[in-house]
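Analysis of the macromolecular model
Given next are the chains, with one letter for each unit.
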Amino acid sequence: MLRSLRAMADPARLEGMARYGIDTRRALGVTVTELRAFARTLGRDHELAAALWDSGVHEARILATIVDDPALVSRRQMERWIRDVASWDLGDQACLNLFERTPHAFELAEAWSGREEEFVKRAGFALMAVAAVHRKDEPDQRFAAFLPLILAHATDERTHVKKAVNWALRQIGKRSPALHRRAVATARQIRALDSRAARWIAADALRELESPAVLERFDRAS
């Protein structure tokens, strides 16, 4: 499998990846688009996913998040994998492709959001954001419960954390008219905090949540 990934790789891409803050020490230079196409030829395979992750190769780990079977992923596995994450894009891909689809998503979103490790904490808020988009059948209250956590951690100045906090706030606020009102109120509370990160999060979130396109959408829904 690693031989196939190396055959697809273009090392010239590594410099560009590094400019986006991606850890390239164990990377090959394979795009996510190429990995998704390759994954379609493999299908779901929990054991293969474990082997790919254990290789430590960046793209192999992204591929692992695509081919793993969410129904077979344990909380313990998620905890182990997230501790291995050393790059924001790998954590985001894990949340988007796999973690959000497991029964443990909401529990770990809350738990990880309170952790100190940068990429673990980012993953907590990334899970909130991705679930807000994809979990259409969940009641609003599941997401409203995340808003106090967003408020509580909005002063974290680390770039990767504050961007994920902002992401979660915006996606929750676009989910329904009721959550929109609560997210806007939360953003205004965040804006009042004495923190550069909080002011950035609030300004960026309110720019989107109070944009004509979003307001018009919820006016039509009400």
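Here is a short report on the structure shown in this document. Just so it is clear, the model here is predicted, and its values are computed rather than measured. (Residues numbered from 1 in each chain as written. Predicted model: local features only at pLDDT ≥ 70, side-chain atom pairs only at ≥ 80, totals over all residues. Heavy atoms only, no water.)

This brings us to the overall build of the protein chain. The secondary structure content of the protein chain amounts to 15 helices and 0 strands. Against the 2.2 N^0.38 benchmark of 17 Å for 222 residues, the protein chain shows a C-alpha radius of gyration of 18 Å, consistent with a compact globule. Principal axes of the C-alpha set define a box for the protein chain whose edges measure 50 × 35 × 30 Å. Among the 222 residues that make up the protein chain, the fraction classed as buried is 51%. Summarising the internal contacts of the protein chain: among those between residues at least 6 apart in sequence, 70% fall at separations of at least 24. (Helix = DSSP H or I, 4+ residues; strand = E, 2+ residues; numbered from the N terminus. Rg over C-alpha atoms; globule rule 2.2 N^0.38 Å. Buried < 20%, exposed > 50% of the residue type's maximum accessible area, 1.4 Å probe, protein only. Contact = heavy atoms within 4.5 Å.)

This part is about helix H5 (residues 58-67). Extensive coverage of H5 is indicated by the burial of 10 of its 10 residues. Where H5 is concerned, the buried positions are His58, Glu59, Ala60, Arg61, Ile62, Leu63, Ala64, Thr65, Ile66 and Val67. The inward-facing, buried residues of H5 abut helix H1 (2-8), helix H2 (13-19), helix H3 (32-42), helix H4 (46-54), helix H6 (75-84) and helix H7 (88-97).

Moving on: helix H8 (residues 105-113). Regarding H8, the residues found buried are Ala105, Phe106, Leu108, Ala109, Trp112 and Ser113. Along H8, the residues classed as buried sweep out an arc of 170° about the axis, all on the same side. (Arc of directions from axis to C-beta.)

So, about the packing of aromatic side chains. According to the stated counting rule, one finds 5 aromatic pairs in the structure shown. Relative to phenylalanine 146, the ring of phenylalanine 143 has its centre 6.2 Å away and its plane inclined at 75°; by these criteria the two rings are edge-to-face. Three or more aromatic residues joined by ring pairs make a cluster, and in this case those are Phe106, Phe143 and Phe146. Against the face of phenylalanine 106 rests arginine 142, its NZ or CZ located 3.9 Å from the ring centre. (Phe/Tyr/Trp six-rings, centres within 6.5 Å; stacked < 30°, edge-to-face > 60°. Lys NZ or Arg CZ within 6 Å of the ring centre and 35° of its normal.)

Nonpolar side chains in soluble globular proteins tend to end up buried together. Formed by 66 residues in total, the largest nonpolar core has its most connected members in Phe99, Trp112, Ile150 and Leu169. Ranked by the residues each element gives to this core, the list is headed by helix H9 (residues 118-134), at 10 residues. Once residues within four sequence positions are removed from consideration, tryptophan 112 is found in contact with Met78, Glu79, Ile82, Phe99, Val120, Lys121, Ala123, Gly124 and Leu127. (Core = buried A, V, L, I, M, F, W, Y, C linked by side-chain atoms within 4.5 Å.)

With respect to the helices and strands, threonine 186 occurs in helix H13 (residues 177-191). Engagement of the side chain of threonine 186 in a polar contact is seen with the backbone oxygen of arginine 182, the distance being 2.9 Å. (Polar contact = N/O pair within 3.5 Å; in protein donor to acceptor, adjacent residues only side chain to side chain.)

The subject of this paragraph is the environment of alanine 111. With respect to the helices and strands, the residue alanine 111 is situated in helix H8. Take alanine 111: its relative accessible area is 31%, and that puts it in the partly exposed class. Each C-alpha atom of the pair alanine 111 and lysine 121 lies 8.7 Å from the other, and the pair is 10 residues apart in sequence.

Within the secondary structure, serine 195 is located in the loop between H13 and helix H14 (196-209). A distance of 3.3 Å separates the side chain of serine 195 from the backbone nitrogen of alanine 197, its partner in a polar contact. Setting aside residues up to four positions removed in sequence, serine 195 forms contacts with Ala154, Thr155 and Glu157.

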